[in-house]
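The primary structure of each chain is shown beneath.
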Amino acid sequence: MPLPPRPNPKPRRTPPESLGIWLVAAAFAVTMMGTTLPTPLYVLYQEEFGFSTLMITVIFATYAVGVVVALLCCGHVSDEIGRRRTLLPGLALSMASSGIFLIASELALLFPARLLSGLSAGLFTGTATAAIVDLAGARSPERATLVATVTQMGGLGSGPLIGSLLAEYAPAPLRLPFALDLGLLVLAFVAVRVMPEPVTVTSRRPRLRLARPQIPAPMRGVFLRASIAGFAGFAVLGLFTAVVPSFLDELLGVHSLTAAGAVICAIFCASAVGQVVLVPVFGPRSLPLGCAGLILGMLLLTLGFATASFGLLLAGGLAAGAGQGASFRAGLADINAAAPAGRRGDLASVYFTVLYVALALPVVGVGLAAELFGLRTAGIAFGVVVAALAAWTLSAVLRTGRGRA
């Protein structure tokens, strides 16, 4: 006797897509906050475990390596198994990272903690950006891109400020920040668990493979301009999040963790201003304007390193941050607009791979140069190189006419 047919499962109830955008954005912000939360604490770890500035940059680079590995191996995954099923493992990795930081009692534990944090960010960055754009649909892709980029910068900027305030004014400075982060990550996990799935799932199992970045021929010029400008801008963010706290402590005698956290937060806030204010006002001119801001910022930053001036250092960081924000949002919007719909998540991941390489390589170079020639000389050399990259991009953009209205 044949068995009766199984009843169809009840459809999964999810919030509307308009609410789903903000659920993903909240989880995105919390995850990004966790990646920069340890930044002002490196000075405390340095005192407790006894390591050099170069080691700080290596720890920081470990995070960037995790991001790049995740982007290259898993950048395509969310297009196959869905955004939600990719974001949830990213949150789990972030929880594991915070758990290791919470119990860290020696230098060796900082490396797996940062590697897991990088893997989490790599899974989350391109996928969350694509999810927000997908949930917005054709209604407002520009607004969705703005939400994604500002959310990312807001999360990255809040991490150092929250970490420094808790470390300086609350008990257990190397424990409490990560306990708070774990609690927020649990809430973020719930938010992602109930979000609507914006793409059609084509596979139940992810096919992990090392992707060869392949850019469709019609958009290679757009991708190149956006990537070079993004590389220069994210190199600046890497410098501030890895080395500037040591610069304040060693060369300027600024020993306040809150001051270091506030400076880093200000740079990310300037980036958000560049995205929210400059891009809508200047439109097609935003990419060259951002490059000009990076050049000005590097000039001021180089003078700040040369004269050991806190004011010039901050002014250079703010100018470069605004330039980074404008060029980053303009570049990402161009890529999203030019990308085929079925490859948006993949191409966003390739773009962020370039950006996170920029977080690691230049900063490690600064660390090596600081060991050989001193922190001041290393900072000056960094400013010159980044200014040259931004100038090259500005020239290329103007030659192609991208900067004309």
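Reading the values: rules and limits
- Residues numbered from 1 in each chain as written.
- Predicted model: local features only at pLDDT ≥ 70, side-chain atom pairs only at ≥ 80, totals over all residues.
- Heavy atoms only, no water.
- Patch = residues over 30% accessible without salt bridge, like charges linked within 9 Å, V, L, I, M, F, W, Y side chains within 5 Å.
- Areas by Shrake-Rupley, 256 points an atom, 1.4 Å probe, with all protein chains shown as cover.
- Salt bridge = Lys/Arg side-chain N within 4 Å of Asp/Glu carboxyl O.
- Helix = DSSP H or I, 4+ residues; strand = E, 2+ residues; numbered from the N terminus.
- Disulfide = S-S within 2.5 Å.
- Buried < 20%, exposed > 50% of the residue type's maximum accessible area, 1.4 Å probe, protein only.
- Axes fitted to C-alpha atoms, helices over the stretch in contact; angles between N-to-C directions.
- Parallel < 35°, antiparallel > 145°, perpendicular 65-115°, else oblique.
- Left-handed = near helix turned anticlockwise from the far one by under 90°.
- Contact = heavy atoms within 4.5 Å.
- Nonpolar A, V, L, I, M, F, W, Y, C, P; charged D, E, K, R; others polar.
- pLDDT = per-residue confidence, 0-100.
- Phe/Tyr/Trp six-rings, centres within 6.5 Å; stacked < 30°, edge-to-face > 60°.

**What about a nonpolar patch on the surface?**
Side chains of Val273, Val276, Val277, Val281, Phe282 and Leu289 sit close together on the surface and give an oily, nonpolar patch of about 460 Å² of accessible area. In this structure, leucine 289 sits in helix H12 (residues 286-307).

**Focus on the state of the cysteines**
Taken as a whole and judged by the stated rule, the model has zero disulfides. Free cysteine: cysteine 269, not disulfide-bonded; nearest cysteine sulfur from cysteine 265 at 3.9 Å. Judged by its relative accessible area of 41%, cysteine 269 falls in the partly exposed class.

**Notes on the packing of helix H9 (residues 220-242) against helix H15 (residues 375-400)**
The N-to-C vectors of H9 and H15 enclose an angle of 160°; their axes lie 9 Å apart at closest approach. As summarised for this structure, H9 and H15 are arranged roughly antiparallel, according to the angle between their axes. The interaxial crossing formed by H9 with H15 has left-handed handedness. Along the contact surface, H9 presents Leu224, Arg225, Ile228, Ala229, Phe231, Ala232, Ala235, Val236 and Leu239, while H15 presents Phe382, Val386, Leu389, Ala390, Trp392, Thr393, Val397 and Thr400. Of the residues that constitute the contact of H9 with H15, the class distribution is 14 nonpolar, two polar and one charged.

**Quick word on the confidence of the model for the protein chain**
Residue-level pLDDT values for the protein chain average 84, and 90% of them are 70 or greater. Contacts for the low-pLDDT stretch residues 6-11, under 50 throughout, to residues beyond four places or in other chains number zero contacts.

**Details of the packing of aromatic side chains**
Overall, the coordinates contain nine aromatic pairs when judged by the stated rule. With a centroid separation of 5.8 Å and an interplanar angle of 25°, the aromatic rings of tyrosine 45 and phenylalanine 49 are classed as stacked. Of this pair, tyrosine 45 and phenylalanine 49 both sit in helix H2 (residues 42-49), four residues apart, which is roughly one turn of that helix. For the pair tyrosine 45 and phenylalanine 49, a shared accessibility class is recorded, and that class is buried.

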